[in-house]
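Structure assessment
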Amino acid sequence: LGEETAKRRAIISAAGSHDLIMLGPSGSVKTVFAKCIHSLLPDLTLSERNECGSIHSAAGHLFNPNSSRPPWQAPHSSTNVNCLIGAWSPLKSRGVIPGSWSLAHNGVLFLDEFAEFARGTLEACRAPLEYHYISLVRAAGTTELPASALLIAALNPCPCGRGLGRPNSCACQE
C-alpha cells in the first residue's frame, strides 16, 4: 500500500503507452514500478510476435514465438550508442545488428540510472522517441529498424542517490 500517485502514473503509462521518467532516491522501488508497468501491458498479437521474432533473429537472439508477453530490455548505463540503437555488422552476410531499442519493439525499454548514460547515447534516443524507428546510415547503405517501445527511465536526484533538496540529505558535498 502507499505510493498511490506512483501507482496511478504507472497505470496511465501502461494504458496510454506514455513514456515515463522516475526520479527518486536509491531504494525507492523505481525498478519495481518499471516491471509492474511491463506486466500491465497487453499481450502481443500474432503479427507483433512475428515482428519481434524477426528482430531478435536478426540480432542472433532467441525469441519464444509462443510467448505473448511484450519484450523487456534493460541495458546497463555503460551501454554504448551502437548497442542501444543498432549498428552495421562487419560481416556482410548479417547486415544490421538491432540494438536494445529495436529488441524492445512492442515492449519496454528500461533505462535505469538514466543520468549515467553517455550524452551521445542519450542524444541517439531522440529519433526512436519521436518517429518510432531507427534509421542507420552508413557508406554501405541505409536501413530502418522498428523501435516502437515504451521508454521508462529511472534516475537518482544526485550521484549519492539521496539529494532531494532537503538540508543534510545529500552526501555528495561532504
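Residues numbered from 1 in each chain as written. Predicted model: local features only at pLDDT ≥ 70, side-chain atom pairs only at ≥ 80, totals over all residues. Heavy atoms only, no water.

What follows covers the overall build of the protein chain. On a plain count of helices and strands, the protein chain comes out with seven helices and eight strands. Residue burial in the protein chain is summarised as follows: out of 174 residues, 37% are buried. (Helix = DSSP H or I, 4+ residues; strand = E, 2+ residues; numbered from the N terminus. Buried < 20%, exposed > 50% of the residue type's maximum accessible area, 1.4 Å probe, protein only.)

Turning our eyes to something else, we now look at helix α2 (residues 30–40). Burial in α2 covers these residues: Lys30, Phe33, Ala34, Ile37 and His38. In an axial view of α2, the angular spread of the buried residues amounts to 145 degrees, which keeps them on one side of the axis. Where α2 is buried, its residues meet α1 (4–16), β1 (20–23), β2 (72–73), β5 (108–112) and β8 (150–155). (Arc of directions from axis to C-beta. Contact = heavy atoms within 4.5 Å.)

Here we take up the nonpolar core. Ranked by internal contacts, the top residues of the largest apolar core, which has 15 residues, are Leu84, Ile85, Trp101, Leu109, Leu111, Ile134 and Leu136. Setting aside residues no more than four positions away along its own chain, Leu136 makes contact with Ile85, Gly86, Ala87, Trp88, Val96, Gly141, Thr142, Thr143 and Leu145. Judged by nonpolar contacts, the second largest core, of 13 residues, contains Met22, Phe33, Ala34 and Ala154. (Core = buried A, V, L, I, M, F, W, Y, C linked by side-chain atoms within 4.5 Å.)

Turning next to the sheet that holds β5. Taken together, four strands build an open sheet; the order of strands is β1-β8-β5-β2 and the sheet is parallel. Each edge of the open sheet carries a strand with a single partner, namely β1 and β2. As judged from the five bridges shared by β5 and β8, these two strands associate in the parallel manner. Within the sheet, the bridge partner assigned to Asp112 lies in β8 and is Ala154. (Pairing = 2+ DSSP bridges.)

What follows covers the pairing of β8. Burial within β8 is extensive, with six of its six residues counted as buried. Covered by surrounding structure in β8 are Leu150, Ile152 and Ala154 together with Leu151, Ala153 and Leu155, the residues of both alternating faces. Summarising the sheet, β1 and β8 pair through four bridges and their orientation is parallel. Along β8, the bridge assignment pairs Met22 with Ala154.

Turning to the pattern of salt bridges, a few remarks are in order. This model, assessed by the stated rule, comprises four salt bridges. Between Glu4 and Lys7 there is a salt bridge, and its shortest N-O distance comes to 3.3 Å. Here Glu4 and its partner Lys7 are both found in helix α1, three residues apart, which amounts to about one turn of the helix. The exposure class of Lys7 is partly exposed, given its relative accessible area of 30%. When the shortest N-O distance is used, the salt bridge between Arg126 and Glu123 registers 3.1 Å. For Arg126, a relative accessible area of 53% translates into the label exposed. (Salt bridge = Lys/Arg side-chain N within 4 Å of Asp/Glu carboxyl O.)

Relative to the helices and strands, Arg49 resides in helix α3 (residues 46–58). Buried and without a salt bridge, Arg49 has Asp43 as its closest oppositely charged side chain, separated by 7.1 Å. Excluding residues within four positions of it along the chain, Arg49 makes contact with Leu44, Phe63, Pro65, Ser67 and Ser68. (Lys, Arg positive; Asp, Glu negative; His and termini not counted.)

We now examine the side chain of Gln73. Take Gln73: it is sitting in strand β2. Taking the relative accessible area as the measure of exposure, Gln73 reaches 18% and is therefore buried. Once residues within four sequence positions are removed from consideration, Gln73 is found in contact with His56, Ser100, Leu103, Ala104, Val108, Leu109 and Phe110.

It is worth spelling out unusual backbone geometry at this point. Residues other than glycine predominantly adopt negative phi, and peptide bonds predominantly adopt the trans conformation. Phi is positive for Asn106, which is not a glycine, with a value near 70 degrees. Counting through the fold element by element, Asn106 comes out in the loop between α5 (100–103) and β5. The buried category is assigned to Asn106, whose relative accessible area is 18%. Positioned with a positive phi, His132 is a non-glycine residue whose angle comes to about 65 degrees. Relative to the elements of secondary structure, His132 occurs in the loop between α7 (126–131) and β6 (133–138). For His132, a relative accessible area of 40% puts it in the partly exposed group.

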